[in-house]
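# Inside the fold
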Amino acid sequence: MTNHVSVRCPAWTVTAATALLGALIAALAVAAPFTKVEESFNLQATHDILFHGADLDKYDHHEFPGVVPRTFLGPLLLAAAVSPLKWAMQLAGWPVDDVKWVMLHAVRITLGLAVTFSHGALARALARADGSRTTALAYLAFTATQFHGPFWASRPLPNVFALVLTNLAFARYLPWLQLRSSAAPMPAAVTWCWAFAGLVFRSELVLLAGPLYAYEVFGRRRHVGRLVATALVAGTATVATTLAVDSYFWRAAWTWPELAVLKFNTLDNQSHRWGTSPWHAYATRHVPALMLGALPWTFLAAVSGRSMKKWTRACLALATLYVAAYSFLPHKEARFVFYAVPLLNAAGAAAAVRVYPRARVVVGLALAASLAASLAVSLAMAAASAHNYPGGNAMRCLQSRAPACDRLVPRNATVHVDNLTAQTGAARFLERADGGIVYSKVEGLSLAERRARFDAMFVEATELTAAERASGVCFDGLTRVNPFAAARNLMRGEWRGLIEVAPAVCLVSNKQYRV
């Protein structure tokens, strides 16, 4: 088979589509810049590297270490990427609080651009493997119109760092798989990406990479010695890197965070403490929600069987085996199967391109309808999700010195950050640097104790009376998404009613309670 790339779509179209995906990811990061508790370690660590440097005593993780250590390699890379902008702003005399606010966005957007680059690399690889740039464009269209992929692409989860590497691994692997000669060994870059992704960020990736390497070792039985040698070198170098970096930041020798996570989640089976789901939840709930309109095209690829190209069948097999294997763990979240979505999108894109010449009008309309439906659902979910961060909005109000919040907190004040605020957007990037304000996230205090110990507090709205809420300033959180009300109003020519909010977090002064 020759390495033919269709000339119907010029090369610049893939670059342009990738740029549009990056712009979408950046726009979502700006629209919802705050993060939740799952992302808190990497975000706080990035802040501490940027603003505290080698002064480890000031780092957040020493006070709030979490149940298991996490690697600092991701935050270190992010901080290195955005630090020139920070230095430039400081040299220009920007106030520290403004620098922190810009840095929050810069960190998010930088990570989002890294994910975009990986999708672009994978899209170009699909064009080579399938012999058509149209497949690359379909892949990018599926990815851009889904909600979870673009929305989470800039959020500093270990899964997102790993996604960058898995996409790059498949970008090198799939064209090689389709076009290789019997004498061609697997590109070493594939193994290096898998080593870094699995040994540093997410150990469960052994379930995704395992079948791939098992086939190469026991199926093809070619270049096994070279493959094993590359894996040993890559694994040793990766483990040495995480040991060196994380032992320094955690102040504990031989700290390998991902090994501790693996032990906690699998050997100790403690992940169930965060909830359990039925065995079929990935297949019946999470994957369909992640895929949206691309799902029918992936099904089409699956039922087409051996008529699809080798690389497409590999994508389907690897994604299916990974999701099936992960379904045995009781605790399930959509982010645990992020890495399977690009494979499923790629297979769906190939199927759509394959059947398009046979019925251009029907397939074109069906493809347009599926993309439009995905986009509509994604926009609604993005609008709703932007209202999910009352804690972040509350902290930003105080940091930005908005009069409504500034009047409640005197200079040199102590401010308590409650659990809901911490879980819905609170971050060190949002802590006010001037005025001598000291923030505390100490837990287990009653409302009366918080009133007595702190000058002001961020507090859940339901803990306060109506008069107490009126004396402070409250920030709305999402309570319900009501598409039926929105549809009724839309028929009347009114665009409202989709999102219902209510006061969630309030900033109040405790002056009247202090002795």
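Residues numbered from 1 in each chain as written. Predicted model: local features only at pLDDT ≥ 70, side-chain atom pairs only at ≥ 80, totals over all residues. Heavy atoms only, no water.

## Overview of the side chain of Thr238
Rules: Helix numbering and strand numbering both begin at the N terminus, where a helix is a DSSP run of H or I of at least 4 residues and a strand a DSSP run of E of at least 2. Only protein chains enter the accessibility calculation, which uses a 1.4 Å probe; a residue whose area is less than 20% of its type maximum is buried, one above 50% is exposed, and one in between is partly exposed. Here, residues are in contact when the closest pair of their heavy atoms is within 4.5 Å.
Residue position: Thr238 is located in helix H11 (residues 224-250). For Thr238, a relative accessible area of 3% puts it in the buried group. Once residues within four sequence positions are removed from consideration, Thr238 is found in contact with Ala195, Phe196, Leu199 and Val200.

## Some details on the pairing of strand E1 (residues 414-417)
Under the convention used in this document: A pair of strands counts as paired when DSSP detects no fewer than two bridges linking them.
Looking at chain direction, E1 and strand E2 (residues 438-440) are connected through three bridges and run parallel. Paired with His416 across the bridge in E2 is Ser440. Note that E1 and strand E3 (residues 456-460) share three bridges and pair parallel. Within E3, the residue paired with Val417 across the bridge is Phe458.

## Quick word on helix H12 (residues 257-267)
Test applied: By construction, the arc corresponds to the directions joining the helix axis to the C-beta atoms.
All buried positions along H12 are accounted for by Pro257, Glu258, Val261, Phe264 and Asn265. End-on view of H12: buried residues confined to an arc of 120°, all on one side of the axis. Contacts from the buried residues of H12 go to helix H9 (188-201) and H11. After H12 finishes, the residue Asn269 shows a positive phi value of roughly 55°.

## So, the nonpolar core
To be explicit about the condition: Residues enter a nonpolar core if they are buried and are Ala, Val, Leu, Ile, Met, Phe, Trp, Tyr or Cys, with the set joined through side-chain atoms within 4.5 Å.
Core analysis: the biggest nonpolar cluster contains 134 residues, and Phe170, Trp194 and Phe458 have the highest contact counts within it. With 14 residues, the top contributor of residues to this core is helix H5 (residues 96-130). Those residues within four positions of Phe170 in sequence are excluded, and the remaining contacts are Leu122, Pro175, Trp194, Leu208, Leu212, Leu318 and Leu343. Grouped together as the second largest cluster of nonpolar side chains are seven residues, Met457, Val459, Leu464 and Val508 included.

## Things to note about the packing of H9 against helix H10 (residues 206-220)
What counts is decided by this rule: Fitting a line to C-alpha atoms yields each axis, with helices limited to the stretch in contact; the angle taken between N-to-C directions then spans 0 to 180 degrees. Between 65 and 115 degrees an angle is taken as roughly perpendicular, under 35 as roughly parallel, over 145 as roughly antiparallel, and anywhere else as oblique. Handedness of a crossing is defined here by the sense of rotation of the near helix relative to the far one, left-handed for an anticlockwise turn of less than a right angle and right-handed for a clockwise turn. Three classes are used, and their members are as follows: Ala, Val, Leu, Ile, Met, Phe, Trp, Tyr, Cys and Pro are nonpolar, Asp, Glu, Lys and Arg are charged, and the others, Gly among them, are polar.
Interhelical geometry of H9 versus H10 gives an angle of 150° and a closest axis separation of 11 Å. The orientation of H9 relative to H10 falls into the category roughly antiparallel. You can see that H9 and H10 cross each other, and the crossing is left-handed. Contacts from Val190, Thr191 and Trp194 in H9 reach Leu208, Ala209, Leu212 and Tyr213 in H10. Of the residues that constitute the contact of H9 with H10, the class distribution is six nonpolar, one polar and no charged.

## Points about the packing of helix H6 (residues 133-145) against helix H17 (residues 360-385)
Relative placement of two packed helices is described by the angle separating their axes and the distance separating the axes. At a minimum axis separation of 8 Å, H6 and H17 run at an interaxial angle of 30°. Taken together, H6 and H17 sit at an angle that is classed as roughly parallel. Here H6 contributes Ala141, Phe142 and Thr145 to the contact with H17, which in turn contributes Leu367, Leu371, Ser374, Leu375 and Ser378. Considered class by class, the residues forming the contact of H6 with H17 number five nonpolar, three polar and no charged.

## Considering the confidence of the model for the protein chain
Condition: The pLDDT value tells you how sure the predictor is about a given residue, anywhere from 0 up to 100.
Confidence along the protein chain averages 91 in pLDDT terms, with 94% of residues attaining 70 or more. A low-confidence stretch, residues 1-7 stays under pLDDT 50, and its non-local contacts, those more than four residues away or across chains, total 17 contacts.

## Focus: the environment of Asn159
Mapped onto the elements of the fold, Asn159 is located in helix H8 (residues 158-179). Relative accessible area serves as the criterion here: at 0%, Asn159 is assigned to the buried category. Taking the C-alpha atoms as reference points, Asn159 and Val337, 178 residues apart in sequence, are found 8.8 Å from one another. Leaving out residues up to four positions away in the same chain, Asn159 has contacts with Arg202, Glu204, Arg335, Phe336, Phe338 and Tyr339.

## Considering the state of the cysteines
Quick reminder of the rule: The criterion for a disulfide is a pair of cysteine sulfur atoms lying within 2.5 Å.
Following the criterion strictly, the structure yields two disulfides and no others. The side chain of Cys397 participates in a disulfide bridge whose partner is Cys405; the two sulfur atoms lie 2.0 Å from each other. Judged by the torsion about the S-S bond (105°), the Cys397/Cys405 disulfide is right-handed. Like Cys405, Cys397 is buried. Disulfide partner of Cys474: Cys506, at an S-S distance of 2.0 Å. With the S-S bond torsion at 100°, the cross-link from Cys474 to Cys506 turns out right-handed. Placement of Cys474 in strand E4 (residues 473-481) and of Cys506 in strand E5 (residues 499-509) is noted, with a sequence separation of 32 residues between them. For Cys474, a relative accessible area of 27% corresponds to the partly exposed category. For Cys506, a relative accessible area of 0% corresponds to the buried category. Across the protein chain, the disulfide pattern expressed with sequentially numbered bonded cysteines is 1-2, 3-4. Cys315 provides the cysteine sulfur closest to Cys193, a residue in no disulfide bond, and the two sulfurs are 16 Å apart.

## Notes on the sheet that holds E2
Spatial strand order, E2-E1-E3-E5-E4: five strands in an open sheet with mixed pairing. The outermost strands of the open sheet, each flanked by one partner alone, are E2 and E4. Sheet twist, expressed as the average angle between the axes of neighbouring strands with direction ignored, equals 25°. Seen against the sheet, helix H18 (residues 390-399) touches E2, E3, E4 and E5 and runs at an angle of roughly 160° to E4.

## Regarding unusual backbone geometry
Phi is positive for Arg401, which is not a glycine, with a value near 60°. Mapped onto the elements, Arg401 comes out in the loop between H18 and helix H19 (403-406). Judged by relative accessible area, Arg401 falls into the partly exposed class, the value being 31%. Positive phi, normally seen in glycine, also occurs at Asn412, with a value near 60°. Along the polypeptide, Asn412 turns up in the loop between H19 and E1. Relative accessible area serves as the criterion here: at 60%, Asn412 is assigned to the exposed category.

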